[in-house]
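Report on the structure
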Amino acid sequence: MTAVARKTLLLDLDNTLVLTTITYNGDVFGDLNFKLLEEDGSYSEYCVVFRHYVQEFIRRCQIFYNVGIFTAAERDYADRILDVLCPDVRLRFYSEDCKEGGHVKDLTALRGIEFDPTSFLLFDDRAPDNTIPHENGMCCPSFMHSEEQEHALQIFADVLCDERFHGVPDIRVPLSKYEQVRQNRMKSQQPNRTW
């Protein structure tokens, strides 16, 4: 059997790995609380809640993938979280690396990286709609801090770390199957309408 090249898994930050709120009275505590100096000289206080199983999810994925972060957030804010959440993940891309006002993540244009469509994957709560190329995006449910999503990252770790996913020559093949299943589930959850 021919060895398959190690793939690159880029993870979104907000609403995928963490949930962040801005606090005004300082009495809300999460897994991480910090202040950032804003351009107008004021400070914003952030309360960050880590998604259940997130650090284990990242560690498991690092066994099989080159793991990085691709967030639409500003560098100062993101690094404050990432330096606690996953300090060993040094491959990081920020809002400055996004297109169209920070809403589109173009994997083909990342600085210092040679993009290979067969081996790049973006795991994001807005993928594949915010991903170029779309075929390289994998959608996960947004982190809403709900009980029904408590084990979401465990399930995704099982999927991503399965040989049938990371071990294929072209990552777009299992991604396409996953997206087809996701779309079918979304259609079946919509109410029937008779016009």
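Up top you'll find the structure we're talking about.
Residues numbered from 1 in each chain as written. Predicted model: local features only at pLDDT ≥ 70, side-chain atom pairs only at ≥ 80, totals over all residues. Heavy atoms only, no water.

1. Quick look at the environment of arginine 60
Defined as follows: The numbering of helices and of strands both runs from the N terminus, where a helix is a DSSP run of H or I of at least 4 residues and a strand a run of E of at least 2. We call two residues in contact when some of their heavy atoms are within 4.5 Å.
Tracing the backbone shows arginine 60 in helix H1 (residues 54-64). Separated by 54 residues in sequence, arginine 60 and arginine 6 place their C-alpha atoms 14 Å apart. Once residues within four sequence positions are removed from consideration, arginine 60 is found in contact with Tyr53, Gln154, Ala157, Asp158 and Cys161.

2. Focus: the nonpolar core
Worth spelling out the cut-off: Think of a nonpolar core as a cluster: buried Ala, Val, Leu, Ile, Met, Phe, Trp, Tyr and Cys residues, connected wherever their side-chain atoms sit within 4.5 Å. Buried residues are those whose accessible area, probed at 1.4 Å on protein chains only, stays under 20% of the maximum for their type, while exposed residues exceed 50% and partly exposed ones sit between those limits.
Of all hydrophobic cores here, the largest spans 41 residues; its most connected members are Leu17, Phe57, Ile58, Ile81, Leu85, Phe123 and Leu160. For this core, the element with the highest residue contribution is helix H2 (residues 75-85), accounting for 5 residues. Residue contacts for leucine 85: discarding those within four places in its chain leaves Leu13, Leu17, Val18, Phe50, Val54, Gln55 and Ile58. Among the nonpolar cores identified, the runner-up in size contains 9 residues, and Leu10, Leu107, Phe120 and Leu122 belong to it.

3. Quick notes on unusual backbone geometry
Cis peptide bonds are those with omega within 30 degrees of zero, and the linkage from alanine 127 to proline 128 qualifies with 0 degrees. Mapped onto the elements, proline 128 comes out in the loop between strand S8 (120-124) and strand S9 (131-132). Here the residue pair isoleucine 132 and proline 133 is connected by a cis peptide bond, since its omega of -10 degrees sits within 30 degrees of zero. Turning to its location among the elements, proline 133 is positioned in the loop between S9 and strand S10 (137-139). The backbone phi angle of asparagine 15 is positive, close to 70 degrees, even though this residue is not glycine.

4. What to know about the packing of aromatic side chains
A ring pair, where both rings are aromatic, is described by two values, the distance of the centres and the angle of the planes. For clarity, the cut-off: Pairing of aromatic rings covers Phe, Tyr and Trp, the last counted by its six-membered ring, and requires centre-to-centre distances within 6.5 Å; plane angles under 30 degrees mean stacked, over 60 mean edge-to-face, and any other angle means tilted. Each ring is checked for a lysine NZ or an arginine CZ that lies within 6 Å of its centre and within 35 degrees of its normal; such an atom marks a charge sitting over the ring.
This model, assessed by the stated rule, comprises 8 aromatic pairs. Taken together, a centroid distance of 5.3 Å and an interplanar angle of 55 degrees make the contact between tyrosine 46 and tyrosine 77 tilted. Pair noted here: tyrosine 46 is in strand S4 (residues 43-50) and tyrosine 77 is in helix H2, with a separation of 31 residues, a long-range link. By relative accessible area, which is 10% here, tyrosine 77 ends up buried. On the basis of an interplanar angle of 65 degrees and a centroid distance of 6.1 Å, the ring pair of phenylalanine 156 and tyrosine 178 is categorised as edge-to-face. In this pair, phenylalanine 156 sits in helix H3 (residues 152-160) while tyrosine 178 sits in helix H5 (residues 172-189), placing the two residues 22 residues apart along the sequence. Assessed through its relative accessible area of 9%, phenylalanine 156 is described here as buried. Taken together through their ring pairs, the aromatic side chains of Phe57, Phe123, Phe156 and Tyr178 make up a single cluster. A cation sits over an aromatic face here: lysine 105 above phenylalanine 70, 5.5 Å from the ring centre.

5. A look at the sheet that holds strand S2 (residues 18-23)
Inclusion rule: We call two strands paired when DSSP finds no fewer than two bridges between them. Lines fitted to the C-alpha atoms define the axes, with helices restricted to the stretch that makes contact. Angles between their N-to-C directions range from 0 to 180 degrees.
Taken in spatial order, the 3 strands make up an open sheet running S2-S4-S3, and their pairing is antiparallel. The sheet is open, and its two edges are formed by S2 and strand S3 (32-37), each paired on a single side. Averaged over all neighbouring strand pairs, the angle between strand axes comes to 30 degrees, with direction disregarded. As judged from the 6 bridges shared by S3 and S4, these two strands associate in the antiparallel manner. Looking at S4, one finds that lysine 35 is bridged to glutamate 45.

6. Examining H2
For H2, the complete set of buried residues consists of Tyr77, Ala78, Asp79, Ile81, Leu82 and Leu85. Buried residues in H2 make contact with S2, S3, S4, H1, strand S5 (65-70) and strand S6 (92-93).

7. Observations concerning the sheet that holds S5
The strand order across the open sheet built from 5 strands is S6-S5-S1-S8-S10, with neighbouring strands paired in parallel fashion. Edge positions in the sheet fall to S6 and S10, since each has one partner strand and no second. Strand direction decides the pairing type here: strand S1 (residues 7-11) and S5, joined by 5 bridges, are parallel. Bridge pairing in S5 places lysine 7 opposite tyrosine 65. Where H1 meets the sheet, it contacts S1, S5 and S8, and its direction lies at approximately 130 degrees from that of S5.

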